[in-house]
Amino acid sequence: MSFLFLLFLTGKLLVLTVATKETDGFKRFMRSANFTIFHTSVLGRGEKWNGGSYLSAPGGGQKVRLLKSALDDVKEEDKIILFIDSYDVVFSSGPKELLKKFQQARHKVVFSSETLIWPDRHLEDKHPHVREGKRFLGAGGYIGYASNLREMVSDWSGKDDDSDQLYYTKLYIDPEKRKSINITLDSKCRMFQNLHGALDEVVLKFEDGRVRARNVMYDTLPVIVHGNGPTKLQINYLGNYIPKVWTFETGCTVCNEDLRPLSGLKSEYPPVVMGIFIQQPTPFVTVFFERLLQLRYPKSRLSLFIYNQEPHHDQHVRSFLEDHDAEYQAVKLIGPDDGVDPVTSRNMGFDMCRADVDLRHFPPMMNKPGRLWTNFWGALSADGYYARSEDYVDIVQGRRVGIWNVPYVSLVYLVRADVLRSELKAADLFQSPTLDPDMAFCSKVRDQGVFMYVTNMYNFGRVLNTENYQTKHLHNDLWQIFENPVDWEDNGCTQPCPDVYWFPIFTEVACRHLIEEMENYGQWSGGGNVDTRIQGGYENVPTIDIHMNQINFQKEWHKFLLEYVAPVTEKMFPGYYTRAQFDLAFVVRYKPDEQPLLRPHHDASTFTINVALNQVGVDFQGGGSRFLRYNCSVQATKQGWALMHPGRLTHYHEGLRTTAGTRYIAVSFVDP
């Protein structure tokens, strides 16, 4: 078949689809049509859809009525019409390939084919047998000459909610009408791929910066892929790639579409309602509120809906609101004593959102550091629970970066108010007798044909582990080094004195919490040589201190040394490897009228860690460390920074006098 003839046919192709409203699925369809250069005419715009749903009884008769009417305006009898569904369809190749395959079929009308018969299985025996391929007709896609299609729909007099598939099936199984109209099926899926009953046959094929669906049973590359029946999640998965949404060569090609850069706004920022739900004891709640304050978004355009079911966090929430309530556009607080259950609270939060919010809804991917656990599922099992998609690990680990249409998101939502006012206007989105609130919400979103996306283009934060969080301490977050270690991390290293290394290790919050935890415990040593807490009962160079094991913090401290200090040690002292063992780890308190300094001494360690817990010039005056052999002092100590130095032989040192205030340091003698 010549190239010129294909060009001639392309000019005679008319693509028709039906879409009574612009759903997410329709927008995806049109994007694929524009990319593959299928110029498409849309029927039924503005009409009410009366053609039923794949979730209910057979329907689709409205499509036949609209096609019959549209054919009245087609005057060229040799016009080729492609009639295709739109909400659950993507194009994977262009018109020339479709028309070439249509001509090779040697029939005037070609329907898509299916593995399963629907809607009347009693008609199975009346279907013609095929030498190879699928026997049953699918009404979601067909192509034919205008004159033949006009004959095909001429007898239609059904209702909008009658079955189009049953109507076409009866024409196909009638030998006389099949011959008169000249109908055949695309039995080997060369043009049309219906997914229902064929999921095991279809794989993605990446090639030359494009993505196709490949039918491995027939070794064909269909031009059109249709997620018919209950395969909406599968077409959503394929639509993340086909035809060129994401490729290995280009990455994501659509991620910057329809963005609204806030930096370019000349009018007011869009209003945003932020719902915050605290349903159990949760680590780093105070840190969360501190970071909320740091968001670079006008607080006058932010409204807060805070639901706190946990009495332990009531003081944290109220302290935040006492200081900052007036800065926000509006604040709604539901506390532990208000008697509102979690499901009702979520519905109330969405009611507040429906008022006036307008943002594109791409929730961020959030994961638990070092794990494959995230706030989205890539697929669902047959019973609607978690299943791992083929690309899940690549997305979580950042090997594929983009915006992903997924069947389930939790913990973090970003939802447009106009969607909540239309498709998701039901008052019970989170309610279900069998599903938890997140699953109930996602199920109802899917049923409405609203797409849920997750993006891993940026790192927006992480999900905390809450399973083993205890609230028996003053500052319980200090004990989270095993469960949530990322908040302990920092970087950077300098050398203020020979073989003395100085690097940031604690946040200001961690420093403050450790001081307050020790003061809350309150049992400071007397600073004498006799010390029953240590082996032998005698301390040669005593300090006023509290040991980590006195507050049951030794396991967490060892984890801290092993994970964060040991790598620095091995980098700064090549060839030395440590398991970060220690006999003594403690917090020292210096006061001018209590213990202002520490005389020169060696430490009983291979190396020592000394972390400044508060600020010189603010909390105290003076202080610091002097290494006598090198006549080198570190006096401008920085809160949260650690000094690391050898303990024996070379680094004879003293603690310099604290002249005012109270100085706190955390000390560890490592590898004694």
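Computed from a prediction, not measured in an experiment: that's the story for all the values here.

Enquirer: Explain the sheet that holds strand β32 (residues 641-646) to me, please; I cannot follow it from the model alone.
Expert: Ordered by their spatial adjacency, seven strands build an open sheet running β23-β24-β32-β28-β35-β26-β25, and the pairing between neighbours is antiparallel. Every interior strand has two partners, whereas the edge strands, β23 (494-497) and β25 (545-547), have only one. Shown here is a sheet whose adjacent strand axes are inclined to one another by a mean of 25 degrees, direction ignored. Two strands pair when backbone bridges link them, and β23 and strand β24 (residues 500-504) are joined in this way by two bridges, in the antiparallel orientation. When the sheet's bridge partners are listed, T494 is paired in β24 with W502.

Enquirer: Sorry if this is basic, but what is going on with the pattern of salt bridges here?
Expert: Side chains carrying opposite charge are able to pair once their charged atoms draw close together. This model, assessed by the stated rule, comprises 31 salt bridges. For the salt bridge of E97 with K101, the shortest nitrogen-to-oxygen distance reads 2.8 Å. Note that E97 and K101 are positioned in helix α4 (residues 95-105) at a spacing of four residues, about one turn of the helix. By sharing partners, the salt bridges in this structure join K12, E76, D78 and K79 into a single network.

Enquirer: Before we go on, may I ask you to explain helix α11 (residues 342-353) in this structure?
Expert: Note that an α-helix has 3.6 residues per turn; residues three or four places apart therefore point the same way. Here α11 spans 17 Å end to end across 12 residues, near enough to the 16 Å set by a 1.5 Å rise per residue. Of the residues making up α11, those classed as buried are V343, S345, R346, N347, G349, F350 and C353. Tucked into the core, α11 has its buried residues touching β14 (272-278), β15 (302-308), α13 (417-421) and α14 (437-447). Among the residues of α11, the N-terminal cap falls to D341, whose side-chain oxygen and the backbone nitrogen of V343 are separated by 3.1 Å.

Enquirer: What exactly am I supposed to notice about the packing of aromatic side chains here?
Expert: How two aromatic rings sit relative to each other is given by the distance of their centres and the angle of their planes. Applying the stated criterion across every chain, the model contains 44 aromatic pairs. Residues F29 and F91 carry aromatic rings whose centres are separated by 5.3 Å and whose planes lie at 40 degrees to one another, so their mutual orientation is tilted. One end of the pair, F29, is in helix α2 (residues 24-36); the other, F91, is in strand β4 (residues 89-91), and 62 residues separate them in sequence. A network of ring pairs unites the aromatic residues F83, F111, Y142, W156, Y167 and Y168 as a single cluster. When the ring centre of Y172 is taken as reference, the NZ or CZ atom of R178 above it lies at 5.5 Å. When the ring centre of W641 is taken as origin, the NZ or CZ atom of K638, which lies over that ring, is 4.3 Å away.

Enquirer: Got a minute to help me understand the side chain of K232 in this structure?
Expert: Within the secondary structure layout, K232 lies in helix α8 (residues 232-239). From its side chain, K232 meets the backbone oxygen of G227 in a polar contact 2.8 Å long. Here the side chain of K232 touches G229 through a polar contact of 3.4 Å, landing on its backbone oxygen.

Enquirer: Help me out: how do you make sense of the environment of Y469 in this one?
Expert: Tracing the backbone shows Y469 in the loop between β22 (452-455) and β23. Note on Y469: relative accessible area 10%, which makes it buried. When the C-alpha positions of Y469 and Q280 are compared, they lie 9.4 Å apart, and in sequence the two are 189 residues distant. Ignoring sequence-local partners within four residues, the contact set of Y469 consists of P281, T282, P283, N476, D477 and Q480. A distance of 2.8 Å separates polar atoms of two side chains, one belonging to Y469 and the other to D477.

Enquirer: Just checking my understanding: could you explain the nonpolar core for this structure?
Expert: Looking at soluble globular proteins, one finds that nonpolar side chains tend to be buried together. Residues V225, L238, I242, F350 and F376 are the most contacted members of the largest nonpolar core, which totals 41 residues. In terms of residues, this core owes the most to one element, α14, which gives four residues. Setting aside its immediate chain neighbours within four residues, F376 contacts M365, Y392, I395, V396, V406, Y408, V409 and V454. In terms of nonpolar packing, the next biggest core, distinct from the first, is built from 39 residues, I481, I515, F607 and V670 among them.

Enquirer: Help me understand the UniProt feature "domain: Fe2OG dioxygenase" (unreviewed entry) in the protein, please; the structure alone is not making it clear to me.
Expert: Here the UniProt-annotated "domain: Fe2OG dioxygenase" (unreviewed entry) positions come out as residues 581-672. Secondary structure content for residues 581-672 is 0% helix and 53% strand, and the end C-alpha separation is 8 Å.

Enquirer: Please clarify how the sheet that holds strand β1 (residues 13-18) should be interpreted in this entry.
Expert: Through backbone hydrogen bonds, the strands of a sheet pair up, either in parallel or in antiparallel fashion. A sheet is described by the order of its strands in space; here six strands give the open sequence β2-β1-β3-β6-β5-β7, paired in mixed fashion. Among the strands making up the open sheet, the edge pair consists of β2 (40-43) and β7 (183-186). In this sheet, neighbouring strand axes are inclined to one another by 30 degrees on average, regardless of whether the strands run parallel or antiparallel. Where β1 and β2 come together, four bridges link them in parallel fashion. Pairing of T17 across the sheet is with V42, part of β2. Along the sheet, helix α3 (residues 61-71) makes contact with β1, β2, β3 (80-84) and β6 (136-145), crossing β1 at roughly 145 degrees. α4 rests against β1, β3, β5 (109-114) and β6 of the sheet, and its axis sits at about 100 degrees to β6.

Enquirer: Before we go on, may I ask you to explain the state of the cysteines in this structure?
Expert: Formally, a disulfide is one covalent bond, and it connects the sulfur atom of one cysteine to the sulfur atom of another. The tally for this structure, following the rule as stated, stands at two disulfides. Residue C252 pairs covalently with C255 via a disulfide, S to S 2.0 Å. Looking along the S-S bond of the C252-C255 disulfide, the torsion reads about 105 degrees, which is the right-handed sense. According to the relative accessible area criterion, C252 is partly exposed, its value standing at 21%. The residue that forms a disulfide with C497 is C632, at a sulfur-sulfur distance of 1.9 Å.

Enquirer: Help me understand the confidence of the model for the protein, please; the structure alone is not making it clear to me.
Expert: Predicted coordinates in areas of low pLDDT are best not read in detail. Of all residues in the protein, 96% have pLDDT values of 70 or greater, and the mean over the chain is 91. In this model residues 3-7 is a low-confidence stretch, pLDDT under 50, and it forms seven contacts with partners more than four residues away in sequence or in other chains.

Enquirer: Where do I start with the pairing of strand β10 (residues 210-215) in this structure?
Expert: As a general feature of sheets, a regular strand has side chains that alternate between the two faces. Two strands pair when backbone bridges link them, and strand β9 (residues 202-207) and β10 are joined in this way by six bridges, in the antiparallel orientation. Bridging from a neighbouring strand, V202 pairs with N215 of β10. Hairpin geometry of β9 and β10 is characterised by an intervening segment of two residues between the two adjacent antiparallel strands and by a positive phi of about 55 degrees at D208.

Conventions adopted
- Residues numbered from 1 in each chain as written.
- Predicted model: local features only at pLDDT ≥ 70, side-chain atom pairs only at ≥ 80, totals over all residues.
- Heavy atoms only, no water.
- Pairing = 2+ DSSP bridges.
- Helix = DSSP H or I, 4+ residues; strand = E, 2+ residues; numbered from the N terminus.
- Axes fitted to C-alpha atoms, helices over the stretch in contact; angles between N-to-C directions.
- Salt bridge = Lys/Arg side-chain N within 4 Å of Asp/Glu carboxyl O.
- Expected span 1.5 Å × (residues − 1).
- Buried < 20%, exposed > 50% of the residue type's maximum accessible area, 1.4 Å probe, protein only.
- Contact = heavy atoms within 4.5 Å.
- Polar contact = N/O pair within 3.5 Å; in protein donor to acceptor, adjacent residues only side chain to side chain.
- Phe/Tyr/Trp six-rings, centres within 6.5 Å; stacked < 30°, edge-to-face > 60°.
- Lys NZ or Arg CZ within 6 Å of the ring centre and 35° of its normal.
- Core = buried A, V, L, I, M, F, W, Y, C linked by side-chain atoms within 4.5 Å.
- UniProt positions renumbered as here; feature names shortened; annotations may be inferred.
- Disulfide = S-S within 2.5 Å.
- pLDDT = per-residue confidence, 0-100.

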